[in-house]
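What follows is each chain in one-letter form.
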Amino acid sequence: MGRRREFDEAEVVEKAMRAFWKDGWRDTTPQRLVTATGLSRSSLYATFGSKQGLFLAALDLYVEEQRLFLTQLLADGTLREGLERLYALMVDMMRPEGQGMTCMVARSLLEVPTEDAETLARVAQGQVRMREVFELRFQRAIDDGELDGTQTAAELARFIATVNDGIQIAARSKASADELRGITRMVVDTVC
């Protein structure tokens with residue numbers, strides 16, 4: 001009979017998610033995961049199999065939490081108001097004097113080695129799942145007459161996801177908060 005686990009697996013995944021989100025795939029070493037979770041390396045590997053296994057569990061949690069957050073953020077008011085709320089939060093989070101954090105999915109797409117096809121496929125799947133939130137909100141805006149329907153909800157969702165990735169790259173390359181706000185204003189004006 002095996003030993004009973006003496007830790008909450010969901011809590012460990014949450015702590016690992018925060019580490020991967022903050023430091024990225026490349027810089028989140030096994031030792032950083034040990035420090036972040038409070039578990040020994042052997043416990044982490046026995047439970048998740050590898051850094052990749054823990055990353056995939058953390059990625060799934062991140063995507064689901066962000067989908068819920070985005071859905072709630074975009075739900076109230078007009079589409080323009082929802083996008084303005086989203087971008088105000090994004091700029092605040094990405095600024096170095098803020099938390100300096102970007103999207104875990106976007107960052108992972110750039111950091112996960114290309115030869116790790118399984119992990120990259122999961123990250124890409126997470127990107128699609130998050131894009132679905134935008135597509136649903138854009139469809140609602142089209143149905144409500146906020147948008148004229150010149151572009152489909154799917155086209156708008158692909159556009160916004162691509163632009164959001166670019167905004168995060170700009171933030172990581174030290175664009176100022178004013179520059180980021182200018183970019184996000186242009187995005188909102190373009191979509192709405």
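Only a predicted model underlies this, so the values are computations on that prediction, with no experimental measurement involved. (Residues numbered from 1 in each chain as written. Predicted model: local features only at pLDDT ≥ 70, side-chain atom pairs only at ≥ 80, totals over all residues. Heavy atoms only, no water.)

(A) Local environment of the overall build of the chain. Looking only at helices and strands, the chain has nine helices and zero strands in total. Going residue by residue from the N terminus, the α and β elements of the chain occur as α-α-α-α-α-α-α-α-α. Projected onto its principal axes, the C-alpha positions of the chain cover 65 × 35 × 30 Å. A burial count over the chain gives 43% of its 192 residues as buried. Within the chain, residue pairs in contact and separated by at least 24 positions form 66% of the contacts whose partners lie at least 6 positions apart. When the 25 basic and 30 acidic side-chain charges of the chain are each reduced to a single mean position, those positions are 6 Å apart. (Helix = DSSP H or I, 4+ residues; strand = E, 2+ residues; numbered from the N terminus. Buried < 20%, exposed > 50% of the residue type's maximum accessible area, 1.4 Å probe, protein only. Contact = heavy atoms within 4.5 Å. Lys, Arg positive; Asp, Glu negative; His and termini not counted. Charge placed at Lys NZ, Arg CZ, Asp CG, Glu CD.)

(B) Examining the packing of aromatic side chains more closely. Taken as a whole and assessed by the stated rule, the structure comprises five aromatic pairs. Ring geometry for Trp-21 versus Tyr-62: centroids 5.0 Å apart, planes at 70°, classification edge-to-face. Here the residue Trp-21 occupies a position in helix 1 (residues 9-27), and Tyr-62 occupies one in helix 4 (residues 51-75), the gap between them amounting to 41 residues. Judged by relative accessible area, which is 9%, Trp-21 ranks as buried. (Phe/Tyr/Trp six-rings, centres within 6.5 Å; stacked < 30°, edge-to-face > 60°.)

(C) Quick peek at empty space enclosed by the protein. Counted under the stated rule, the structure contains one cavity of 30 Å³ or more. Approximately 60 Å³ is the volume found for the largest cavity. Along its surface, the largest cavity is lined by Pro-30, Leu-33, Val-34, Arg-41, Leu-44, Tyr-45, Phe-48, Ser-50, Lys-51 and Leu-54. In terms of residue count, the dominant contributor to the lining of the largest cavity is helix 3 (residues 41-48) (four residues). In the lining of the largest cavity, the residues fall into seven nonpolar, one polar and two charged. (1 Å grid on protein atoms, 1.4 Å probe; cavity = no way out; pocket = protein on both sides within 12 Å on 5 of 7 lines; lining within 4 Å. Points joined across faces, edges and corners; volume = space filled by probe spheres on them. Nonpolar A, V, L, I, M, F, W, Y, C, P; charged D, E, K, R; others polar.)

(D) Quick peek at the pattern of salt bridges. Applying the stated criterion to the full structure yields 16 salt bridges. A salt bridge links Glu-14 to Arg-18; the nearest nitrogen and oxygen atoms lie 2.7 Å apart. With Glu-14 and Arg-18 both in helix 1, this residue pair falls four residues apart, about one helical turn. By relative accessible area, which is 39% here, Arg-18 ends up partly exposed. Across the salt bridge formed by Arg-129 and Glu-64, the nearest N and O atoms sit 2.7 Å from each other. With Arg-129 in helix 7 (residues 117-143) and Glu-64 in helix 4, this residue pair connects regions lying 65 residues apart in the sequence. Of the residues examined, Glu-64 reaches a relative accessible area of 39% and is grouped as partly exposed. (Salt bridge = Lys/Arg side-chain N within 4 Å of Asp/Glu carboxyl O.)

(E) Main features of the packing of helix 5 (residues 79-94) against helix 8 (residues 153-172). Taken N-terminus to C-terminus, the directions of helix 5 and helix 8 make an angle of 25°; their axes are 10 Å apart at the nearest point. Taken as axis vectors, helix 5 and helix 8 run roughly parallel relative to one another. Considering only the axes of helix 5 and helix 8, their crossing is right-handed. Here Leu-83, Tyr-87, Met-90 and Met-94 of helix 5 lie close against helix 8, whose contacting residues are Ile-160, Asn-164, Ile-167, Gln-168 and Ala-171. In terms of residue class, the contact of helix 5 with helix 8 is made up of seven nonpolar, two polar and no charged. (Axes fitted to C-alpha atoms, helices over the stretch in contact; angles between N-to-C directions. Parallel < 35°, antiparallel > 145°, perpendicular 65-115°, else oblique. Left-handed = near helix turned anticlockwise from the far one by under 90°.)

(F) Expanded view of helix 2 (residues 30-37). Those residues of helix 2 not exposed but buried are Leu-33, Val-34 and Thr-37. Projected down its long axis, helix 2 carries its buried residues within an arc of 105°, all on one side. After helix 2 finishes, the residue Gly-38 shows a positive phi value of roughly 80°. (Arc of directions from axis to C-beta.)

(G) Main features of the layout of surface pockets. In this structure, the largest pocket encloses a volume near 460 Å³. Forming the walls of the largest pocket are 23 residues, and the residues nearest its centre are Tyr-62, Gln-66, Cys-103, Met-130 and Gln-168. Secondary-structure elements contributing two or more residues to the lining of the largest pocket are helix 4, helix 5, helix 6 (104-111), helix 7 and helix 8. The element that contributes the greatest number of residues to the lining of the largest pocket is helix 5, accounting for five residues.

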